[in-house]
Amino acid sequence: MLAFLIQRILQAIFVMFVVALISFSLFHYVGDPVLNMLGQEATEADRAELRGRLGLDQPVVVQFYRFIVNAAQFEFGISYRSARPVTDLIMERLPATLELAIISAIFAVVMGIGLGIYTALRRRSWLSRFIMTASLVGVSLPTFLIGVLLIYLFAVELGWLPAFGRGQTVRIGDWWTTGLLTTSGLRSLILPAITLGLFQLTLIMRLVRAEMLEVLSTDYIKFARARGLSDRVVNLRHALKNTLIPVITIIGLQLGTIIAFAIITETVFQWPGVGALFITAVRFVDVPVMAAYLMMIALVFVVINLVVDLLYYAVDPRLRAQGGGK
Amino acid sequence: MLLKKTLLASAVIGAMLATAANAETLRWTRSADSLTMDPHSQNEGPTHSVNHQIFDTLLYQDMDVEYQPGLATEWHVKEDEPTVWVFKIREGVTFHEGQALTADDVVFSLNRARHEHADMRGLLTSISEVRATDDFTVEVETHDPNPLLPNNLTNLFIMSREWAEEHGVEEPQNYAAGEETHAVRNANGTGPFRVESREPDVRTVFVRNDEYWGIDHYPMEISRLVFTPIESASTRVAALLSGEVDFLQETPVQDIERLGNAPNIKNEQGAENRTIFLGMQMGAATLETADTDDNPFADRRVREAINLAVDATTIQTAVMRGNSEPAGMIAPPFVNGYTEEMDVVLPADLDRAQELMAEAGYGDGFRVTLQCPNDRYVNDEQICQAVVSMLARIGITVDLVAQTRSIFFAELARGEYDFYLLGWGVPTMDSEYVFNYLYHTKEDDFGTWNFTGYSDERVDELTVTMGQEVDEEARNEMIAEAWQIVHDEIVYIPLHHQMLTWSMRDDIDFKVQSENTPHFKYLRFNN
């Protein structure tokens, strides 16, 4: 067990290192931060001087070494754009992103499983067909377009929901802010959560439906029906339980994707999360913020994968037998 | 005694009535937030726009871009000392936190902005010393006579020395030091609004400063100003349409018509202080991206042919949907040195252009790459596409590279481009700024934005002297001469002056300011 754990953690560290290396080398192609920081009146000498102060004139290897040493201590320096510590900026923005990601994940899971079951059981009803066709739209339309359409329908035409922002927030503890406790906060959450969750919803729905159809045709379901159990018990207890195993794996992995893909939704809705922070940073060539964000997203994926691996190890005896049997 | 009391009571009631009548909130949006509240740390438009509500400058440009007294009531060059400017400081002004403004605060602020960590210092390089001669007089000494010094001070905000010392922000932020200073998110100015709360990139709330020195001089009808930046253009427009904001500062061109037709919303338009033009590398022996052994741009006839082939009027109608003013020179009408004669656009003349190409020995044309930003100016990429097809008609095959501003400007600054599109504004409202940055030979402190390789001794000489000549008439003659030279040489191909559109609730009375800096103390409500 210990050997397995150490091996996985070493792998995770290696992945983080590679991500750092790739993102760091990318930064040399995104432009020159000094140009944005100094106005158009600055001379070449001014720019060279600032480059020197920021350490941008040193060899790439030295810069990378400094970056890795600092990153290992969660120290990402000062944002070139807003002159504030990057760690502060990310911590300030993280609650907004996490809240949005979790709410849209819940939305996607509940609706996805519900609709998946319905469309599997009532395969031939016109409603199922409608849902299946509509889900194609959810898969094929790009997120930003869905966001823009929702804004024009619900904010501009109907005037029911706000077009942008997070509404009024409430501070909990030292650094967490929540929009879940105010009416304007909840109203602001609806459109972005739907936009962000729609793709996952259709994915989960189609997966549940397919799994469900497969399980329903297996022998033990036929046997359960033969025993005279009610439809409800057969469908929801026997069939659904077996359907959910692959679904849960997918949901776990998708949570990371939701956080990472929040970038587009956050930009469309001016949602003050880390994704919007990242986009603004890219426009300004705010290298410290970009680096910290990419490392954070890599960490999220690495941790999720690590947890999934460990869960498999706990669940699947075959893995244990291989490692521990010697 | 009784009379005094009655007077006082009526004054109180009067004040209450006035406040009740003016309890108006304005919700303001534009694409980007201010970067920092530290007024000397960044030299950037949106940052200045926010700071103009909180702080005052010695003088500023009002909504018609005319110079107006701010914290300085008058300014003039000292008699017999052409290198010294004298500023009389307004008396009886207090900062939001109660400190009284004196000449010492002005000296402190100017010196703070000259600090090596301040990005504002580029505007103040001509200054050698700033001193207070009494409590309300400041003298600014420059290395050489500088007739344009006041023009460089319109975004130089005055801080309180006492406040700065109390919070340890005597120097602007040093990025390398890695610490956030108190001035990044806190501000204590003398301006028309105080900051009530600020969440960077999310929301900044201002309230009217009822002790403002100009409270009776300006409309000051807004009691509460809420600024929420919205980056996505379609969301910004949707927020105005749905009534969630009242005032939209940068209306995307594609939405101007739609907002104009919407009920209860109106557009205000005006010339922006920015001219769009094409630049060509004419100084190099060969071009990186061309298929010729020599440099076609070095031949004036080729540049003239391009000028005749690029049809600015068609760009105005087809690409800009009418929202631009075709240009013949790189200076908008309100800049000193602008003349209508020079700002004339030649009608496109393909026959003459082809003749010129043949005369120059490029009758079969040539191939070159045009570099273009795609998110910096209004419809920048589409303008370049139009240029590509227009030049194809005289045999020049143009490969277009359009990319994001951060990459474009980095490569441009490294001098990697043969042919590029650029925009230029003139914040000092004087032609000297254009010659200094765009036309002077590229060397140490001059020609920073001259990527054409153009170099003319006479223009260089005129540029330096027009920056020092105090006699207005002699100066204007130099400016006219310099314009004539660069105009005849066709150093750049001017395309158009950009137009600026602000959209707002239709009961708001507010004109577009050409510098794109709204001064909300001027805004009125029609109700």
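Further up the page is the structure itself.
Residues numbered from 1 in each chain as written. Chains lettered and ligands numbered in written order. Predicted model: local features only at pLDDT ≥ 70, side-chain atom pairs only at ≥ 80, totals over all residues. Heavy atoms only, no water.

A. Highlighting the overall build of chain A. A tally of helices and strands in chain A yields 13 helices and two strands. On the principal axes, the C-alpha backbone points of chain A span a range of 85 × 70 × 40 Å. Counting the 326 residues in chain A, one finds 46% classified as buried. The long-range fraction of contacts in chain A, counting pairs at least 24 apart against all pairs at least 6 apart in sequence, stands at 68%. When the accessible surface of chain A is split by element, carbon and sulfur atoms take 70% of a total near 16,500 Å². Where the 27 positive side-chain charges of chain A centre and where its 20 negative ones centre are 16 Å apart. (Helix = DSSP H or I, 4+ residues; strand = E, 2+ residues; numbered from the N terminus. Buried < 20%, exposed > 50% of the residue type's maximum accessible area, 1.4 Å probe, protein only. Contact = heavy atoms within 4.5 Å. Areas by Shrake-Rupley, 256 points an atom, 1.4 Å probe, with all protein chains shown as cover. Lys, Arg positive; Asp, Glu negative; His and termini not counted. Charge placed at Lys NZ, Arg CZ, Asp CG, Glu CD.)

B. The nonpolar core, seen in detail. By size, the foremost hydrophobic cluster in this structure holds 77 residues, and its most contacted members are Phe-297, Ile-315, Leu-391, Tyr-439 and Trp-483 of chain B. With seven residues, the single largest contributor to this core is helix H10 (residues 380-392) of chain B. (Core = buried A, V, L, I, M, F, W, Y, C linked by side-chain atoms within 4.5 Å.)

C. Layout of the state of the cysteines. All names here are of chain B. Scanning the entire structure with this criterion turns up one disulfide over all chains. With a sulfur-sulfur separation of 2.3 Å, Cys-372 is cross-linked through a disulfide to Cys-384. Sign of the S-S torsion, about 90 degrees for the bond between Cys-372 and Cys-384, identifies this disulfide as right-handed. Note that Cys-372 is positioned in strand S14 (residues 366-373) and Cys-384 in helix H10, a separation of twelve residues in sequence. For Cys-372, a relative accessible area of 0% gives the class buried. (Disulfide = S-S within 2.5 Å.)

D. Geometry of the sheet that holds strand S4 (residues 72-77) of chain B. All names here are of chain B. The strand order across the open sheet built from four strands is S4-S5-S7-S6, with neighbouring strands paired in antiparallel fashion. Since the sheet does not close on itself, it has two edges, and those belong to S4 and strand S6 (127-134), each with one partner. Going from strand to strand, the sheet's axes swing by 20 degrees on average, the running direction of each strand aside. As paired strands, S6 and strand S7 (residues 137-142) are joined by six bridges and run antiparallel to one another. Looking across to S7, one finds that Asp-134 is bridged to Thr-137. (Pairing = 2+ DSSP bridges. Axes fitted to C-alpha atoms, helices over the stretch in contact; angles between N-to-C directions.)

E. Seen up close, the interface of chain A and chain B. Residue-level contacts link 50 residues of chain A with 52 residues of chain B. In this assembly, chain A and chain B are joined by six salt bridges. Across the pair Asp-201 of chain B and Arg-81 of chain A runs a salt bridge, and its minimum N-O distance is 3.0 Å. Inspection of the region where chain A meets chain B yields twelve residue pairs in polar contact (both at pLDDT 80 or more). Elements that contribute at least two residues to the side of chain A that touches chain B include exactly helix H2 (33-37), helix H3 (44-54), helix H5 (86-121), helix H7 (143-157), helix H10 (231-268) and helix H11 (274-284) of chain A. (Salt bridge = Lys/Arg side-chain N within 4 Å of Asp/Glu carboxyl O. Polar contact = N/O pair within 3.5 Å; in protein donor to acceptor, adjacent residues only side chain to side chain.)

F. Geometry of a negative patch on the surface. All names here are of chain B. A contiguous patch of negative charge on the surface is contributed by Asp-471, Glu-472, Glu-473 and Glu-477. Looking at the secondary structure, you find Asp-471 in the loop between helix H13 (457-466) and helix H14 (472-489). Accessibility expressed as a relative area gives 42% for Asp-471, which makes it partly exposed. (Patch = residues over 30% accessible without salt bridge, like charges linked within 9 Å, V, L, I, M, F, W, Y side chains within 5 Å.)

G. Structural detail: the pairing of strand S5 (residues 84-89) of chain B. Residues and elements named next belong to chain B. The buried count for S5 comes to five of six residues, which makes it a mostly enclosed element. In this sheet, S5 lies alongside S4 in antiparallel orientation, the contact comprising five bridges. Across the sheet, residue His-76 finds its bridge partner in S5, namely Val-86. Taken together, S4 and the strand that follows it, S5, pair antiparallel across an intervening segment of six residues, in which Asp-80 is found at a positive phi of about 65 degrees. Sheet topology places S5 next to S7; five bridges connect them, and they run antiparallel. If you follow Phe-87 over to S7, its bridge partner there is Val-138.

H. View of the pairing of strand S16 (residues 419-424) of chain B. Residues and elements named next belong to chain B. Counting buried positions along S16 yields six of six residues, so the element is predominantly enclosed. On S16, burial covers both faces: Phe-419, Leu-421 and Gly-423 on one face and Tyr-420, Leu-422 and Trp-424 on the other are all buried. Of the pairings in the sheet, the one linking strand S12 (residues 265-280) to S16 comprises six bridges and is antiparallel in character. Along S16, the bridge assignment pairs Thr-275 with Trp-424.

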